[in-house]
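# Coordinate analysis (summary)
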Amino acid sequence: MTAVRILLCDDHAVVRAGLLALIGSEADIEVVGEAGSGEEAVAMAAKLQPDVVLMDLQLGAGIDGVEATRRIASPDVHVLVLTTYDTDADITRAIEAGATGYLLKAERPEELFAAVRAAAQGRTALSAPVASRVMDRMRGAAGPSLTDRERDILGQLARGLGNREIARALFISEATVKTHLRRIYAKLGVDTRAGAVAVAKEQRLLP
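Residues numbered from 1 in each chain as written. Predicted model: local features only at pLDDT ≥ 70, side-chain atom pairs only at ≥ 80, totals over all residues. Heavy atoms only, no water.

## Describing the overall build of the protein
Defined as follows: Strands here mean DSSP runs of E at least two residues long; helices mean DSSP runs of H or I at least four residues long; both are numbered from the N terminus. Atoms counted for the radius of gyration: C-alpha only. Globule rule: 2.2 Å times the number of residues to the power 0.38. Think of it in three bands: with a 1.4 Å probe and only protein chains considered, a residue is buried below 20% of the maximum accessible area for its type, exposed above 50%, and partly exposed in between. Whether two residues are in contact is decided by their heavy atoms, any of which lying within 4.5 Å being enough. Residues scored as charged are limited to Lys and Arg (positive) and Asp and Glu (negative), so that His and the chain ends carry no count. In plain terms, the charge of a residue is placed at NZ if it is Lys, CZ if Arg, CG if Asp and CD if Glu.
Check the secondary structure of the protein and you find 10 helices and six strands. For the protein, whose C-alpha radius of gyration is 23 Å, the value lies well above the compact-globule estimate of 17 Å for 207 residues. Overall, the protein is about 70 × 30 × 30 Å in size when its C-alpha atoms are taken along their principal axes. Across the 207 residues that make up the protein, the buried fraction comes to 43%. Across the protein, contacts joining residues at least 24 apart in sequence account for 62% of those joining residues at least 6 apart. A distance of 11 Å separates the average location of the 25 positive side-chain charges in the protein from that of its 28 negative side-chain charges.

## Concerning the side chain of Asp-90
Stated precisely, the cut-off is as follows: A pairing counts as a salt bridge when a side-chain nitrogen of Lys or Arg comes within 4 Å of a carboxyl oxygen of Asp or Glu.
Relative to the helices and strands, Asp-90 is located in helix α4 (residues 88-96). The buried charged residue Asp-90 lacks any salt bridge partner; its closest oppositely charged side chain belongs to Arg-93, at an N-O distance of 4.1 Å. Residue contacts for Asp-90: discarding those within four places in its chain leaves Leu-57, Tyr-85 and Tyr-102.

## As for the packing of helix α8 (residues 163-170) against helix α9 (residues 174-188)
Convention followed: Inter-axis angles, ranging from 0 to 180 degrees, are taken between N-to-C directions of lines fitted to C-alpha atoms, where helices are fitted over the stretch in contact. Note on terminology: angles under 35 degrees are roughly parallel, angles over 145 are roughly antiparallel, angles of 65 to 115 are roughly perpendicular, and the others are oblique. Residues are grouped as follows: Ala, Val, Leu, Ile, Met, Phe, Trp, Tyr, Cys and Pro are nonpolar; Asp, Glu, Lys and Arg are charged; every other residue, Gly included, is polar.
Contact geometry for α8 and α9: axes closest at 8 Å, N-to-C directions at 105 degrees. Viewed along their axes, α8 and α9 adopt a mutual orientation that is roughly perpendicular. On α9, the residues touching Asn-163, Arg-164, Ile-166 and Ala-167 of α8 are Glu-174, Val-177, Lys-178 and Leu-181. In the contact of α8 with α9, the residues fall into four nonpolar, one polar and three charged.

## Concerning the packing of helix α7 (residues 148-158) against helix α10 (residues 193-202)
The geometry of α7 relative to α10 is characterised by a closest axis approach of 10 Å and an angle of 110 degrees between their N-to-C directions. By the angle between their directions, the pair α7 and α10 is classed as roughly perpendicular. Taken together, the residues of α10 that come into contact with α7 (itself represented by Leu-154, Leu-157 and Ala-158) are Arg-193, Ala-196, Val-197 and Ala-200. Of the residues assigned to the contact of α7 with α10, the class counts are six nonpolar, no polar and one charged.

## Topic: the environment of Ser-74
With respect to the element layout, Ser-74 can be found in the loop between α3 (65-72) and β4 (78-83). Ser-74 sits 24 residues away from Gly-98 along the chain, and the two C-alpha atoms are 7.9 Å apart.

## Notes on the sheet that holds strand β2 (residues 29-35)
Heads up, the rule is: By the convention used here, strands pair only if DSSP detects at least 2 bridges between them.
In space, the six strands of this open sheet follow the order β2-β1-β3-β4-β5-β6, with parallel pairing throughout. Looking along the sheet, the strands with just one partner apiece sit at the ends: β2 and β6 (125-126). Alignment of β4 against strand β5 (residues 101-104), held across four bridges, turns out to be parallel. What sits directly across from Leu-82, in β5, is Leu-103.

## Side note on the pattern of salt bridges
Throughout the structure, instances matching the rule amount to 13 salt bridges. Note that Arg-117 is salt-bridged to Asp-28, the shortest N-O span being 2.7 Å. Of the two residues, Arg-117 sits in helix α5 (residues 109-120) while Asp-28 sits in the loop between α1 (13-23) and β2, which places them 89 residues apart along the sequence. Arg-117 sits in the partly exposed class, given a relative accessible area of 25%. Its salt-bridge partner being Arg-71, residue Glu-67 comes within 2.9 Å of it at the nearest N-O pair. In this pair, Glu-67 and Arg-71 both sit in helix α3, four residues apart, roughly one turn of the helix. For Arg-71, a relative accessible area of 48% gives the class partly exposed. Through salt bridges with shared partners, a single network forms among Asp-10, Asp-56 and Lys-105.

Right under this line is the structure:
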């Protein structure tokens with residue numbers, strides 16, 4: 001059986017040493033290189049062409065793990081994020097950058113090994129908490145059902161316009177603007193203009 005060739009990228013030498021020792025126990029996984037920065041990982045991945053790059057997200061100075069992933073990920077080189085961070089923003093950025101999988105450092109060694117093998121075959125590997133977050137986001141991906149007029153008003157809100165200015169821009173009365181705003185707040189689960197804009201941006205509801 002051909003061993004899975006992996007490149008480690010973490011800015012902490014102690015973490016890399018621990019991973020190296022851990023992975024050394026698996027006969028079918030071979031560490032072919034270690035990188036301490038995003039730039040180094042990009043250069044080494046191009047040179048070594050590993051099957052999998054184990055990528056941390058926070059890498060100190062220079063490019064972060066997401067940008068390194070964007071530059072490395074290809075049909076032949078798969079990136080498996082290995083991090084302590086599991087926020088929606090981090091997960092989304094990493095996946096959009098091309099990461100094949102997203103694993104948390106708190107996982108058991110067996111889960112790490114299984115994820116590496118899966119990533120080498122181009123299969124998605126996600127920690128259970130990460131998979132739950134992804135599913136929750138997918139379920140809510142459609143977002144609240146806003147009318148075209150409500151979306152128009154949200155767009156004006158994002159520009160920082162007041163009710164009177166919105167009314168003039170859309171050729172409607174201020175009373176109508178206020179009515180639409182109440183409906184928008186209710187649908188988005190907010191009670192302020194700033195909150196509405198923040199949720200609209202997060203859920204990509206702006207026109």
